[in-house]
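What the coordinates show
Okay, here's what each chain looks like letter by letter:
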Amino acid sequence: GQDIKVAEYSDYSSKVVAKSDVPTILAGRANDDADDLKLVEVEVKEGITGSWLEGRSLKIEFPTGVKVVGADVTEEKGFVGGALQTALIGDIAGDDNKIEFDIPSGVNVDGNKKSFKVKFFVTAAADFTGDVTAKFSGRAGVEGEVVLGKVVAPVTVEVQKSEVKTGIKNQAIKDIVITEATKGALLDNRQVRIELSDAEFSGKPEVEVTEGNIEIDEDSIKVDDNILTFDVDSESTKPSKIKISGVKLDLNRAIAEGDITAKIGGSALVRNAHEDAQGNDQVTWNVNAGDNTFGDKTYTAATYNLAGSVDVGEFDKNYVTKTSIATVITPADGTVSNEVKFVIDADKYTVNGVEKTADVAPFIQDGRTMLPIRFVAEAVGVTDQNIIYNANTKTVTLIKGDRIAQVQIGSKTLLVNGVSVQMDTAAAVKNGRTVLPLRFVAQALGADVQWDEATRTVTIK
């Protein structure tokens, strides 16, 4: 027999192809320069002639965190009088990551496949990074997706985390290094802002350029509580590096355990936030404020079919990155997390396995373990700042979180948040040191006390 071809199967799927290497664009940019927002040209073409259905919808969707603010249709085939361009441009409002329009009617195919080429202009949220993928879908029969660009953060931030404690001022941390992803990533005549989450700057650190040729206005370096700002005097022509050294932090007693973070932003980095960190409107592209050119096309409010003034490409994020710069190793309100072991009549004791020496060894009085104030405080997790001794009344006050314990020398009454607790032994003085009954104070402040009779060891957690 002989095979006879009576038909040939063709895929109705469209061809969606990027026409060159994809560009890298910076997060947080606005319309300062259209080239900063331009993606690579994409060609969209029918799989077979007539497969696109006129009057049916075509949706082009970009990632969340990206907004389409312009488009330049450079070539269209199979459409009459630029109908595709009119339909596509007419749906761009600049406040969304999607374009959706109907394939125009009145096509003039002439036996050829319909196609169009377009360059999109997008703005990405300040904290967005990754591929800018355009997904084509809809009832018109246009399907496919393609990567048209890549968004990177304008700067990277490096810092080696330091350990800090609550209730202490002037705690030094490691240098903070800000590196530009590309030349001109930090815009001139604008501000860099570093905002701490829980701590405050003790004073003004040193800000210096260690690589590249960006210039910093030294007179602009300012500290206001948890915020450090400085201005870029001149943009770089090659990627630059800025070192912030001599950083010291103040921490109050209410800061919780965990990381202290620094948000990096300011108008030198972020140009598309709805509001900057001070609540001021950022510079955005107002399509009703005059002609706005992208590529060789000029767009006005009429082009976008907008009824009034609309600020486009705005996002809520006003910082490009958030970085951990320090770790608080003591819990809030001056408490610490320790495991402390004492042996009766021994001056050696351990804190988290580290051996230390007490100037008065623990001893037994009325069947209770007695210790000097400082060692009781350390055992139950109270810092030096939260030990208060009133010499006039001979009263000791220990503060741990929301608990306050008070006892007077010679008294068997312990006050816990003002409530009396009767002890079976009294606070006393030995070798010039005020000593307290460990178990009562520890339990009053929420610590767990364990006794090992065989080794005569007291463990406090």
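Residues numbered from 1 in each chain as written. Predicted model: local features only at pLDDT ≥ 70, side-chain atom pairs only at ≥ 80, totals over all residues. Heavy atoms only, no water.

Some details on the overall build of the protein
Within the protein one finds three helices and 40 strands. Residues counted as buried form 45% of the 461 residues belonging to the protein. Contacts in the protein between residues at least 24 apart in sequence constitute 70% of all its contacts with a sequence separation of at least 6. Entry remark: accessible area of the protein is about 21,800 Å², with carbon and sulfur atoms responsible for 42%. (Helix = DSSP H or I, 4+ residues; strand = E, 2+ residues; numbered from the N terminus. Buried < 20%, exposed > 50% of the residue type's maximum accessible area, 1.4 Å probe, protein only. Contact = heavy atoms within 4.5 Å. Areas by Shrake-Rupley, 256 points an atom, 1.4 Å probe, with all protein chains shown as cover.)

Focus on the sheet that holds strand 4 (residues 57-61)
Spatial ordering of the open sheet is given by 2-9-8-4-6, a layout of five strands whose pairing is mixed. Single-partner strands in this sheet number two, and they are strand 2 (24-26) and strand 6 (98-102). Pairwise comparison of adjacent strand axes, ignoring direction, gives a mean angle of 25° for this sheet. Sheet topology places strand 2 next to strand 9 (residues 144-152); three bridges connect them, and they run parallel. Across the sheet, residue L26 finds its bridge partner in strand 9, namely V152. (Pairing = 2+ DSSP bridges. Axes fitted to C-alpha atoms, helices over the stretch in contact; angles between N-to-C directions.)

As for unusual backbone geometry
Look at N431: it is not a glycine, yet its phi comes out positive at around 50°. Counting through the fold element by element, N431 comes out in the loop between strand 37 (428-430) and strand 38 (433-437). Phi at R456 takes a positive value of approximately 55°, unusual for a residue other than glycine. With relative accessibility at 34%, the residue R456 sits in the partly exposed group.

Considering the confidence of the model for the protein
In the predicted model, the protein carries a mean pLDDT of 82, and the fraction of residues at 70 or more is 85%. Note that residues 4-11 has pLDDT below 50 and, in this model, three contacts with residues that lie over four places away or in other chains. Of the regions scoring below 50 in pLDDT, residues 285-297 engages in 43 contacts with residues more than four places distant in sequence or in other chains. (pLDDT = per-residue confidence, 0-100.)

Topic: the environment of D233
One can find D233 in strand 18 (residues 227-234). For D233, a relative accessible area of 43% corresponds to the partly exposed category. When near neighbours in sequence (up to four residues on either side) are disregarded, D233 contacts D188, N189, E215, I216 and D217.

Considerations on the packing of aromatic side chains
Inspection of the entire model under this criterion finds four aromatic pairs. On the numbers, 5.1 Å between centres and 20° between planes, the contact of F342 with Y349 is stacked. Chaining the aromatic ring pairs together yields one cluster made of W52, F79 and F116. The lysine or arginine in question, K67, covers the ring of F315, its NZ or CZ lying 4.6 Å from the ring centre. Its guanidinium or amino end placed over the ring of F363, K430 lies 3.9 Å from that ring's centre, counting from NZ or CZ. (Phe/Tyr/Trp six-rings, centres within 6.5 Å; stacked < 30°, edge-to-face > 60°. Lys NZ or Arg CZ within 6 Å of the ring centre and 35° of its normal.)

Focus on the environment of K77
Mapped onto the elements of the fold, K77 is located in strand 5 (residues 66-77). Residues K77 and F116, spaced 39 residues apart in sequence, show a C-alpha to C-alpha distance of 6.1 Å. Setting aside anything within four residues of it in sequence, one finds K77 in contact with K113, K114 and S115.

Notes on the nonpolar core
One finds I60, F62, L88, F116, F120, F136 and L148 to be the most contacted residues of the largest nonpolar core, which totals 39 residues. Looking at this core, the elements that each hand over two or more residues are strand 3 (42-45), strand 4, strand 5, helix 1 (83-90), strand 6, strand 7 (115-124), strand 8 (130-137) and strand 9. For this core, the element with the highest residue contribution is strand 7, accounting for five residues. Excluding residues within four positions of it along the chain, F62 makes contact with L39, V68, N97, F120, V132, T133, A134 and L148. Membership of the second largest hydrophobic core comes to 38 residues, among which are V155, I214, I255 and I325. (Core = buried A, V, L, I, M, F, W, Y, C linked by side-chain atoms within 4.5 Å.)

What about the pattern of salt bridges?
Enumeration over the complete set of coordinates arrives at 14 salt bridges. Two residues, E208 and K243, come together in a salt bridge whose shortest N-O distance is 3.7 Å. Linking E208 in strand 16 (residues 206-211) with K243 in strand 19 (residues 241-245), this pair joins segments that are 35 residues apart in sequence. Across the salt bridge formed by E211 and K241, the nearest N and O atoms sit 3.5 Å from each other. (Salt bridge = Lys/Arg side-chain N within 4 Å of Asp/Glu carboxyl O.)

Quick word on helix 1
Listed as buried for helix 1 are L84, L88 and I89. Buried residues of helix 1, seen end-on, are gathered within an arc of 115° and therefore sit on one face of the element. (Arc of directions from axis to C-beta.)

Concerning the sheet that holds strand 13 (residues 176-180)
Taken together, the four strands give an open sheet; going across it, the order is 10-13-19-16, and neighbouring strands pair in antiparallel fashion. Only two strands of the sheet have a single partner each, and these edge strands are strand 10 (155-158) and strand 16. Within this sheet the neighbouring strands show an average axis-to-axis angle of 20°, counted without direction. Relative to strand 19, strand 13 is paired through four bridges, and the arrangement is antiparallel. Across the sheet, I176 pairs through a bridge with I244, a residue of strand 19.

Some remarks on helix 2 (residues 373-380)
The element helix 2 is largely enclosed, with a buried count of seven among its eight residues. Within helix 2, burial applies to I373, F375, V376, A377, E378, A379 and V380. After helix 2 finishes, the residue G381 shows a positive phi value of roughly 90°.

So, the side chain of T123
With respect to the helices and strands, T123 occurs in strand 7. If near-sequence neighbours (up to four positions away) are discounted, T123 is found in contact with R29, A30, L37, G65, V66, K67, V69, N272, G313 and F315.

Remarks on the environment of V419
Mapped onto the fold, V419 is located in strand 36 (residues 419-422). For the pair V419 and Q406, spaced 13 residues apart in sequence, the C-alpha separation works out to 9.9 Å.

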